[in-house]
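# Architecture at a glance
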Amino acid sequence: MNQPKPFAIPKSLVWEAYKLIKANKGGAGVDLESLSEFELNLSKNLYKIWNRLSSGSYFPPAVRGVEIPKKQGGSRLLGIPTVSDRIAQMTIKQMFEPLVEPHFLEDSYGYRPNKSALDAIAITRKRCWKYDWLIEFDIKGLFDNIDHELLMKAVRHHTNDKCILLYIERWIKAPLQLPDGTMQNRDKGTPQGGVISPVLSNLYLHYVFDVWMTKHHPEAVWCRYADDGICHCKRPAEARALLAGLKQRFIECKLEINPEKTKLVYCKGYLHKDNKHKNTSFTFLGYEFRARGAEDTKRREVFTSFLPAISPKAKKAILARIRKLNVRNKSELNLQEIATWLNPMLRGWINYYGKYTRSALDRTFQRINYTLVKWSMRKYKNLRHRKTQAAKLMEETARKQPYLFAHWKIGITSAFI
């Protein structure tokens, strides 16, 4: 007779976890097993995960550390769990997230259902018109420095489920396999790249920052997306005092504000005599906020307003991506195949960076048009050294097929030279 499992985990929950992991894709972990290889014996592998989770005998393997480049230079160590471990984490996440999500505050936007980075941009845009001063802050190495004791205290505040507590503690302590193959034990942090890490980091910052702000600085409004945050203030003295308090608060909670990404900003577009930092712009979630010309279409008036648009770094990242894809040398493809290949990326950039001040995208997409001209010069021998003719041909193509490329569809069909 089978003994009952100590933890009641429905098999359907593991199945749902697998479907979510499959949709998210992702690379192989330390066992080098891909998702397609895992699926060769899907039923047996899923049963094994359920059986071990339910019996309390599941021990997560090491997390594979992979260095990925940062946009601003340097690299970040991303932790990639195995496929099985991602499914196990997703199973427990489905049990834990509903317990904490209702307690998170309205102005926390990162890693949350039905909230997005564009929502955070929208509220920040409105508040910049109402408040003259803001603090832009970034937490240095959040995922690497979360204190385990404080984190588990927060987890236990929301659940006494032994299954959830057991596995969360095992996951945050799982060793990290560095790129050179050596193993590193962890006594702090939660792997960036782990399935359950986002909800854990949100829970940690919920108490470190969100609740603390509401309690100690109710006069200031704020917005946080993961480890990036904005605090709005009415006066410079209030902003400086808040910044000093934030630095101390994070130190108390074993975290540190990144001084290079933290600053006091005046949101009126011109230098204020009390702003010793001389900052009249800031970048948040890929958008640069600064004074820009705007038009009141009803009154037909042009005025200056503090508005967001795609940041210079984001523009450079888009063009760097196009260069890395080596589009201009893909002469084996026809133009329809190039469009099919690039359009998902183009639509993503348009949908995100084109939400506010879409005209700021024009120059970047015009550069992509020029890349298409260079492609045509390599594709067709009769255009090999005839840039002007190649540009005219591509411009004519854009006129006849305006829906071929996603950026042509929104009218960016000029400047092929």
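Refer to the structure presented above.
Summarised in this report is the structure supplied together with it.

Rules and cut-offs
- Residues numbered from 1 in each chain as written.
- Predicted model: local features only at pLDDT ≥ 70, side-chain atom pairs only at ≥ 80, totals over all residues.
- Heavy atoms only, no water.
- Buried < 20%, exposed > 50% of the residue type's maximum accessible area, 1.4 Å probe, protein only.
- Helix = DSSP H or I, 4+ residues; strand = E, 2+ residues; numbered from the N terminus.
- Pairing = 2+ DSSP bridges.
- Polar contact = N/O pair within 3.5 Å; in protein donor to acceptor, adjacent residues only side chain to side chain.
- Axes fitted to C-alpha atoms, helices over the stretch in contact; angles between N-to-C directions.
- Contact = heavy atoms within 4.5 Å.
- Phe/Tyr/Trp six-rings, centres within 6.5 Å; stacked < 30°, edge-to-face > 60°.
- Core = buried A, V, L, I, M, F, W, Y, C linked by side-chain atoms within 4.5 Å.
- Expected span 1.5 Å × (residues − 1).
- Arc of directions from axis to C-beta.
- Salt bridge = Lys/Arg side-chain N within 4 Å of Asp/Glu carboxyl O.
- Parallel < 35°, antiparallel > 145°, perpendicular 65-115°, else oblique.
- Left-handed = near helix turned anticlockwise from the far one by under 90°.
- Nonpolar A, V, L, I, M, F, W, Y, C, P; charged D, E, K, R; others polar.

## Quick notes on the pairing of strand 3 (residues 133-138)
- Where burial is concerned, most of strand 3 is hidden: six out of the six residues are buried.
- Neither face of strand 3 is left uncovered, since the one carrying Trp-133, Ile-135 and Phe-137 and the one carrying Leu-134, Glu-136 and Asp-138 both have all their residues buried.
- Summarising the sheet, strand 3 and strand 7 (residues 228-233) pair through six bridges and their orientation is antiparallel. Counted as the bridge partner of Leu-134 is His-232 from strand 7.
- The pairing of strand 3 with strand 8 (residues 263-266) spans four bridges and is antiparallel. Residue pairing for strand 8: Glu-136 is matched across the bridge by Lys-263.

## Topic: the side chain of Thr-82
- Inspection of the secondary structure assignment puts Thr-82 in the loop between strand 2 (75-80) and helix 4 (83-100).
- A distance of 3.1 Å separates a polar atom in the side chain of Thr-82 from the backbone nitrogen of Asp-85.

## Points about the sheet that holds strand 7
- Read across the open sheet, the four strands follow the order 6-7-3-8; overall the sheet is antiparallel. Strands at the two margins of the open sheet, each flanked by one partner only, are strand 6 (221-225) and strand 8. Neighbour to neighbour, the strand axes of the sheet diverge by 20° on average, direction disregarded.
- Pairing between strand 6 and strand 7: five bridges, direction antiparallel. Following the sheet pairing, Trp-222 is matched in strand 7 by Cys-231.
- Most of the contacts of helix 5 (residues 117-130) go to strand 6, to which it runs at about 155°, and overall it touches strand 3, strand 6 and strand 7.
- Lying on the sheet, helix 10 (residues 236-252) is in contact with strand 3, strand 7 and strand 8; it crosses strand 3 at an angle near 20°.

## Digging into the sheet that holds strand 2
- Taken in spatial order, the four strands line up as 2-1-4-5 in an open sheet, and their pairing is mixed. With one partner strand each, in any of the chains shown, strand 2 and strand 5 (183-184) form the two edges of the open sheet.
- Looking at chain direction, strand 4 (residues 176-177) and strand 5 are connected through two bridges and run antiparallel. Each residue of the ladder has a partner; that of Gln-177, found in strand 5, is Met-183.

## Some points on the packing of aromatic side chains
- Scanning the model with the defined rule gives 21 aromatic pairs in all.
- Aromatic pair Tyr-111 and Tyr-225: ring centres 6.4 Å apart, planes at 50°, arrangement tilted. You can see Tyr-111 sitting in the loop between helix 4 and helix 5 and its partner Tyr-225 sitting in strand 6, a full 114 residues away along the chain.
- Tyr-225 sits in the partly exposed class, given a relative accessible area of 21%.

## Some words on the nonpolar core
- Residues Ile-87, Leu-246 and Phe-250 are the most contacted members of the largest nonpolar core, which totals 66 residues.
- Sort the elements by how many residues they give to this core and helix 9 (residues 197-216) lands first, with nine residues.
- Ignoring any residue separated from it by four or fewer positions in sequence, one finds Phe-250 in contact with Phe-137, Ile-139, Leu-205, Val-208, Phe-209, Leu-255, Glu-256 and Ile-257.
- The next biggest cluster of nonpolar side chains, apart from the first, holds 54 residues, and it includes Ile-121, Ala-339, Ile-350 and Trp-375.

## Brief notes about helix 11 (residues 312-325)
- Given a rise of 1.5 Å per residue, 14 residues ought to cover 20 Å, and the 20 Å separating the end C-alpha atoms of helix 11 matches this to within 8%.
- Three or more residues of helix 11 are buried, namely Ala-314, Ile-318, Leu-319, Ile-322 and Leu-325. End-on view of helix 11: buried residues confined to an arc of 135°, all on one side of the axis. Every exposed residue of helix 11 that faces more than 90 degrees away from the buried side is listed here: Lys-313, Lys-316, Arg-323 and Lys-324.

## A closer look at the pattern of salt bridges
- With the rule as written, the count across this model stands at 14 salt bridges.
- When the shortest N-O distance is used, the salt bridge between Glu-106 and Lys-115 registers 3.3 Å.
- Asp-147 serves as the salt-bridge partner of Lys-254, at 3.6 Å between the closest nitrogen and oxygen. Of this pair, Lys-254 sits in the loop between helix 10 and strand 8 while Asp-147 is found in the loop between helix 6 (142-145) and helix 7 (148-158), placing the two residues 107 residues apart along the sequence.
- Judged by its relative accessible area of 17%, Asp-147 falls in the buried class.
- Through salt bridges with shared partners, a single network forms among Glu-288, Arg-290 and Arg-292.

## Examining the packing of helix 11 against helix 13 (residues 362-379)
- One can describe the packing of helix 11 onto helix 13 by two numbers: an axis separation of 10 Å at closest approach and a directional angle of 15°. The angle between helix 11 and helix 13 places the two elements in the roughly parallel class. By crossing handedness, the relation of helix 11 to helix 13 is classed as right-handed. Within the contact between the two elements, helix 11 uses Lys-315, Ile-318, Leu-319 and Ile-322 and helix 13 uses Thr-364, Arg-367, Ile-368 and Thr-371.
- Each residue belonging to the contact of helix 11 with helix 13 can be placed in one class, and the counts come to four nonpolar, two polar and two charged.

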